[in-house]
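Here are the chains, one letter per residue:
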Amino acid sequence: MTGRGKRKTKSSLQEIESSNGGLKKTRAGEPTTGQASEVGSDLREEVEQLYKLGMPEDFYHLWDFCKRLCPDNPRDALLDSVGLRLVGPYDVLAGAHRSSKTPQPNYHLHWRYFYDPPEFQTILRGDGDNQYHMGYYRDIPDSLPAFVGENEAKKGFTITQMGDNVFAAVHLFLMKKRKERSGRKNAGKDLESLEAELRERARALGFPLEQKTKGMKQRDKKVVTKTFHGAGIVVPVDKNDVGYRELPETDAGLKRICKAIAEARSDEDRVKAFGPLQEMITFVQFANDECDYGMGYELGMDLFCYGSHYFYKVIRQLLPMAYSLLKRGLFGEILEAHLSNRCHDNLDQLSAS
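We now turn to the structure provided with this report. Note that residues are indexed from 1 along each chain, following the sequence as it is written. With the structure being a predicted model, the display of local features is reserved for residues of pLDDT at least 70 and the display and counting of side-chain atom pairs for 80 or more, all residues being used for whole-chain, interface and lining totals. Think of the side-chain values as coming from all heavy atoms in the structure, minus any hydrogens and water.

All right, on to the sheet that holds strand β4 (residues 147-152) then. When DSSP finds two or more bridges between a pair of strands, those strands are recorded as paired. Runs of H or I in DSSP of at least four residues are treated as helices and runs of E of at least two as strands, each being numbered from the N terminus. Strand order in the open sheet made by the five strands is β1-β2-β3-β4-β5, with antiparallel pairing throughout. Here the strands that pair on one side only, and so sit at the sheet edges, are β1 (84-86) and β5 (160-161). As defined by bridge partners, β1 adjoins strand β2 (residues 120-126) across three bridges and the pair is classed as antiparallel. Following the sheet pairing, Leu84 is matched in β2 by Gly126. Here a residue-residue contact requires only that any non-hydrogen atoms of the pair lie within 4.5 Å. Here the axes come from fitting lines to C-alpha atoms, over the contacting stretch only for helices, and the angles between their N-to-C directions go from 0 to 180 degrees. Each of β1, β2 and β3 (132-137) is contacted by helix α2 (residues 57-69), which is oriented at about 110 degrees to β1, the strand it contacts most.

Quick look at the structure:
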């Protein structure tokens, strides 16, 4: 490994206009009709106060949609048909938090799966053993989500984009289910009916159903690096290309370093294997001094995605600092809570004993 990392050239990185490198408060997924959800202002304020995050209008409109499908239990309105359950902040809309078994639940950990970065907020989960779930992905805490993503926590850290609103995400998931069930007798009728209702409601509200909207493509131009999870990170880069510099290792090279550390046969071997990583941490310190905050953000996120507890101390060095420098402090709070309670089970904070 040589050098201290290098900044991307201007030709390969578009300057980010936002002062914090994120998207503006509005996005392509907001309803073009201007039609507001039936969810009242008091309940909206409660959700946003508990999560410290603003919720997009499509979140509330899906609740309205599910209430029409199943008035007695909107959270399970999609369960029998497509195997999805509304969770996370939807539990607050359902009032489940008022009868919580946990005196003071941490909502940042409520349905936060093992590989979910702080930028990810779970809103739907599957009914299988692979821990499939969907969530909003935000580039900065005080902006609306950039897109809805999906992940299977039992399989790994990859986040796949599923449109810029929850109607698009559910529709794409439904279409996959229809394809899986094709050929089975009477298997597709319920899905066809649900698809028609979902498409019609999305059309009436002005929500696009494509997997990659124009706004998402614009965001892609602002992504400085994909990171291990694939969703990418956005940081502000000025006209002099200050803001991000590349790691002096490829993803494949960094994964080999991580593997050597995590699978070392002895503490002595592990200390030795940490050498290349320690060198990169030094490069990050140089980068932070020169306002290239994205380098530490990338390295910290990659180590988080790798998942080994041997990296938690380094992650705590890198990511909270990056979030602080980028003025995304809430993500640092979420990260610390998650690392202190990171596991594959007991994800429902409202029923946890």
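Contact geometry for helix α10 (residues 275-289) and helix α11 (residues 294-306): axes closest at 8 Å, N-to-C directions at 145 degrees. Touching Leu277, Met280, Ile281, Phe283, Val284 and Ala287 of α10 are Met295, Gly296, Leu299 and Leu303, all from α11. Under the scheme applied, nonpolar residues are Ala, Val, Leu, Ile, Met, Phe, Trp, Tyr, Cys and Pro; charged residues are Asp, Glu, Lys and Arg; polar residues are all the others, including Gly. Of the residues belonging to the contact of α10 with α11, the class tally is nine nonpolar, one polar and no charged.

Tracing the backbone through its elements, the reader meets Gly275 in helix α10. Exposed residues in this analysis have more than 50% of their type's maximum accessible area, buried residues have under 20%, and partly exposed residues fall in between, with area computed by a 1.4 Å probe over protein chains only. Taking the relative accessible area as the measure of exposure, Gly275 reaches 36% and is therefore partly exposed. Residues Gly275 and Ile257 lie 18 residues apart in sequence; the distance between their C-alpha atoms is 9.2 Å.

Here a salt bridge means any side-chain nitrogen of Lys or Arg lying within 4 Å of a carboxyl oxygen belonging to Asp or Glu. Here the structure, examined in full by the defined rule, presents 19 salt bridges. A salt bridge links Glu57 to Arg44, with the shortest nitrogen-to-oxygen separation between them at 2.7 Å. Placement of the pair is Glu57 in helix α2 and Arg44 in helix α1 (residues 41-51), with a sequence separation of 13 residues. A relative accessible area of 18% means that Arg44 is categorised as buried.

The description of an aromatic ring pair rests on the distance of the ring centres and on the angle between the ring planes. Any pair of Phe, Tyr and Trp rings, taking the six-membered ring for Trp, is counted once the centres come within 6.5 Å. Such a pair is stacked with planes under 30 degrees apart, edge-to-face with planes over 60 apart, and tilted for the rest. Summed over all chains, the structure comprises 16 aromatic pairs. Taken together, a centroid distance of 5.3 Å and an interplanar angle of 15 degrees make the contact between Phe167 and Phe207 stacked. Linking Phe167 in helix α5 (residues 166-181) with Phe207 in the loop between α6 (189-205) and α7 (214-222), this pair joins segments that are 40 residues apart in sequence. Residue class for Phe167 comes out buried when judged on its relative accessible area of 0%. With a centroid separation of 6.2 Å and an interplanar angle of 65 degrees, the aromatic rings of Phe274 and Phe311 are classed as edge-to-face. One end of the pair, Phe274, is in the loop between α9 (267-273) and α10; the other, Phe311, is in the loop between α11 and α12 (312-325), and 37 residues separate them in sequence. By definition here, charges over rings are those cases where NZ of Lys or CZ of Arg is within 6 Å of the ring centre and within 35 degrees of the ring normal. Across the ring face of Tyr60, the terminal group of Arg44 is positioned such that the distance to the ring centre comes to 4.3 Å. Positioned above the aromatic ring of Phe304, the side-chain terminus of Arg342 is 4.0 Å from the ring centre.

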